[in-house]
Amino acid sequence: MIDSRPSLAETVRHFNPAWFASVMGTAVVPLAISFLDAPWVEWLAAVFLLLSILMFVVILVPWTIRFFAYPDAVRYDLDHPVAASFFPTMPIAIVVIALDFLKYPEMFFGPSTSEEIAYWLWLIGSVGIFVAGFVVLPRIYRSSTIELAHANFGWFIPPVANLLIPVGGLELAAAFPDRFEITFLL
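Residues numbered from 1 in each chain as written. Predicted model: local features only at pLDDT ≥ 70, side-chain atom pairs only at ≥ 80, totals over all residues. Heavy atoms only, no water.

Considering the nonpolar core
Grouped together as the largest cluster of nonpolar side chains are 44 residues, with contacts concentrated most on Phe20, Val23, Phe56, Ile97, Trp122 and Leu172. Among the secondary structure elements, those contributing two or more residues to this core are helix H2 (20–33), helix H3 (41–69), helix H4 (71–79), helix H5 (89–103), helix H6 (111–141), helix H7 (157–161) and helix H8 (165–175). Not counting residues up to four positions away in its chain, the partners in contact with Leu172 are Leu102, Glu115, Ala118, Tyr119, Trp122 and Thr183. (Core = buried A, V, L, I, M, F, W, Y, C linked by side-chain atoms within 4.5 Å. Buried < 20%, exposed > 50% of the residue type's maximum accessible area, 1.4 Å probe, protein only. Helix = DSSP H or I, 4+ residues; strand = E, 2+ residues; numbered from the N terminus. Contact = heavy atoms within 4.5 Å.)

Below, the structure written as structure tokens:
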């Protein structure tokens, strides 16, 4: 019997940038259930937060290797009218995880440690959202190869991602007055 599974190199070469959407969806569950008043909410939130962090780390490995080992494949996806829109899902996932730490400040650490972790995750994710937007949006909207058949809701990801930045940023600006300028600027 012939083994038809792709090699690790082929998996990395064809690794889709949309995988981080699964992290976004997993990490948003703790935020969604936080509105419920039930004894199991924090336990379930902890499970989903840990799962989202684990997924993020696992997905980050092939995603990062791909940038260095297969830059042509990355450029191909950046020029693709559908795949390009999913590059911002990586920094969005970081910001959503930061929001989880803000929502549940005593889940794993003390409140000040959780806020510090949230701040740095939020900062990295926010800068990533801006960079991804400036890289992806011009490629999509200036492309002469995009046809009506390529239209999809993924095109909303880069611009709408910017709406997440103030969600955590305003709370973090209040928590870290010494960092107010950079936080408020973003």
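Some details on the packing of aromatic side chains
Enumeration over the complete set of coordinates arrives at 10 aromatic pairs. Ring centres of Phe15 and Trp19 lie 6.0 Å apart, and the angle between their planes is 15°; on these two criteria the pair is classed as stacked. The class of Phe15 is buried, set by a relative accessible area of 9%. You can call Trp19 partly exposed: its relative accessible area is 48%. Taken together, a centroid distance of 5.3 Å and an interplanar angle of 90° make the contact between Tyr119 and Trp120 edge-to-face. (Phe/Tyr/Trp six-rings, centres within 6.5 Å; stacked < 30°, edge-to-face > 60°.)

So, the side chain of Arg66
Within the secondary structure, Arg66 is located in helix H3. Engagement of the side chain of Arg66 in a polar contact is seen with the backbone oxygen of Val12, the distance being 3.4 Å. Ignoring sequence-local partners within four residues, the contact set of Arg66 consists of Val12, Arg13, His14, Phe15, Pro17, Pro71, Ala73, Val74 and Asp77. (Polar contact = N/O pair within 3.5 Å; in protein donor to acceptor, adjacent residues only side chain to side chain.)

Side note on the pattern of salt bridges
Note that side chains of opposite charge can pair when their charged atoms are close. The final tally for this structure, using the stated rule, is four salt bridges. For Arg13, the salt bridge is made with Glu10, and the minimal N-O distance between the two is 3.6 Å. Separated by three residues within a single helix, Arg13 and Glu10 lie in helix H1 (residues 8–13), roughly one turn from each other. When its relative accessible area of 33% is taken as the criterion, Arg13 is described as partly exposed. For Glu116, the salt bridge goes to Arg179, with nearest N and O atoms at 2.9 Å. (Salt bridge = Lys/Arg side-chain N within 4 Å of Asp/Glu carboxyl O.)

Let's talk about the layout of surface pockets
Within this model, the largest pocket holds a volume of roughly 210 Å³. Lining of the largest pocket is provided by 14 residues; of these, Trp63, Phe87, Gly128, Val131 and Ala132 occupy positions nearest its centre. Contributions of two or more residues to the lining of the largest pocket are made by H3, H5 and H6. Of the residues forming the lining of the largest pocket, the biggest block, six residues, is contributed by H6. Here the lining of the largest pocket is built from residues that sort into 13 nonpolar, one polar and no charged. Roughly 150 Å³ of internal volume is contained in the second largest pocket. Lining the second largest pocket, in full, are Ile53, Phe56, Val57, Ile94, Ile97, Phe101, Leu121 and Ile124. Considering only residue class, the lining of the second largest pocket consists of eight nonpolar, no polar and no charged. (1 Å grid on protein atoms, 1.4 Å probe; cavity = no way out; pocket = protein on both sides within 12 Å on 5 of 7 lines; lining within 4 Å. Points joined across faces, edges and corners; volume = space filled by probe spheres on them. Nonpolar A, V, L, I, M, F, W, Y, C, P; charged D, E, K, R; others polar.)

Digging into a nonpolar patch on the surface
Side chains of Phe153, Phe156, Val160 and Leu163 sit close together on the surface and give an oily, nonpolar patch of about 480 Å² of accessible area. Note on placement: Phe156 falls in the loop between H6 and H7. For Phe156, a relative accessible area of 48% translates into the label partly exposed. (Patch = residues over 30% accessible without salt bridge, like charges linked within 9 Å, V, L, I, M, F, W, Y side chains within 5 Å. Areas by Shrake-Rupley, 256 points an atom, 1.4 Å probe, with all protein chains shown as cover.)

Brief notes about the environment of Ala73
Take Ala73: it is sitting in helix H4. Taking the relative accessible area as the measure of exposure, Ala73 reaches 14% and is therefore buried. Taking the C-alpha atoms as reference, Ala73 lies 34 Å from Phe101; in sequence the two are 28 residues apart. Those residues in contact with Ala73 that sit more than four places away from it in its chain are Arg13 and Arg66.

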